[in-house]
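Spelled out, the chains give:
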Amino acid sequence: MTDLFAVDGNILLLLQEYIRNPVLNDFFRAVTHLGDRGGIWIFFGVLLLFSERGRRAGILVLFSLLMSLLINNMILKHIFSRTRPYEVVEGLIPLIPAPRDFSFPSGHTASSFAAALSIYRTMPKLLGIGVLILAGLIAFSRLYVGVHYPTDVIGGFFCGMAAAYVASYFLRQRY
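This one's a predicted model, so the numbers in the text were calculated from it and none came from an experiment.

Peer 1: So what about the nonpolar core? Which residues, and what values?
Peer 2: By size, the foremost hydrophobic cluster in this structure holds 33 residues, and its most contacted members are L12, W41, L48, V61, I119, I138 and V145. Those elements giving two or more residues to this core turn out to be α1 (2–19), α2 (22–34), α3 (39–49), α4 (55–80), α6 (107–122), α7 (125–144) and α8 (150–174). Here this core gets seven residues from one element, more than from any other, and that element is α7. Excluding residues within four positions of it along the chain, I119 makes contact with F44, L48, V61, L127, G128 and V131.

See the structure below:
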């Protein structure tokens, strides 16, 4: 497990050393903030509620975000209590103010994929592909800005996928 943690940290240092630049720094700071507190996804979920065609998708997005919050932030982060990489990886400099919660799994990634997968499964595929790309960018931004390990993002992806499927299952039972 120690080797995995070393690889995790080294990937972040490689990103910092060879990929970061002023243009991408500004871009990924902006992208990462889209996912703050699920803001962009809550906006999409509420927006979908106003359309008859999108109402079911909107309900699914909001419910999947709630599931993501419960699974990811209320349970798993406290079970694993993983320290943020900038606190452990020597030389890693975060590009945004330091988050105060635990690192594993990534909440931005979990909420992004919970919402994006919900939209992908219920709306036209072109829209679905677009939101999946946005979710992927938000997930990558967490590595780029130095506040999550790659395994945090992978864990967040699986949590988001689980939240979307749990929400879908419960809504199918109800509607």
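Peer 1: Before we move on, could you go through α2 and cite the residues and values that matter?
Peer 2: With 13 residues, α2 should reach 18 Å at 1.5 Å per residue; the first-to-last C-alpha distance of 19 Å fits that figure. Along α2, the residues that are buried comprise N25, F28, V31 and T32. Buried residues along α2 cover an arc of 135° about the axis, so they all sit on one side. Residues of α2 that are exposed and point over 90 degrees away from its buried face: P22, V23 and D26. On the buried face of α2, the contacting elements are α6 and α7. With a side-chain oxygen lying 3.0 Å from the backbone nitrogen of V23, the N-terminal cap of α2 falls on N21.

Peer 1: Can you tell me about the side chain of H148, naming the residues and giving the values?
Peer 2: You can see H148 is positioned in the loop between α7 and α8. Residue H148 is classed as buried on the basis of its relative accessible area, which comes to 1%. Engagement of the side chain of H148 in a polar contact is seen with the side chain of D152, the distance being 3.2 Å. Sequence-distant contacts of H148, that is, excluding residues within four places in its chain, are made with L12, K77, R84, P85, S103, P105, S106, G107, R142, L143 and V153.

Rules used in this analysis
- Residues numbered from 1 in each chain as written.
- Predicted model: local features only at pLDDT ≥ 70, side-chain atom pairs only at ≥ 80, totals over all residues.
- Heavy atoms only, no water.
- Core = buried A, V, L, I, M, F, W, Y, C linked by side-chain atoms within 4.5 Å.
- Buried < 20%, exposed > 50% of the residue type's maximum accessible area, 1.4 Å probe, protein only.
- Helix = DSSP H or I, 4+ residues; strand = E, 2+ residues; numbered from the N terminus.
- Contact = heavy atoms within 4.5 Å.
- Expected span 1.5 Å × (residues − 1).
- Arc of directions from axis to C-beta.
- Polar contact = N/O pair within 3.5 Å; in protein donor to acceptor, adjacent residues only side chain to side chain.

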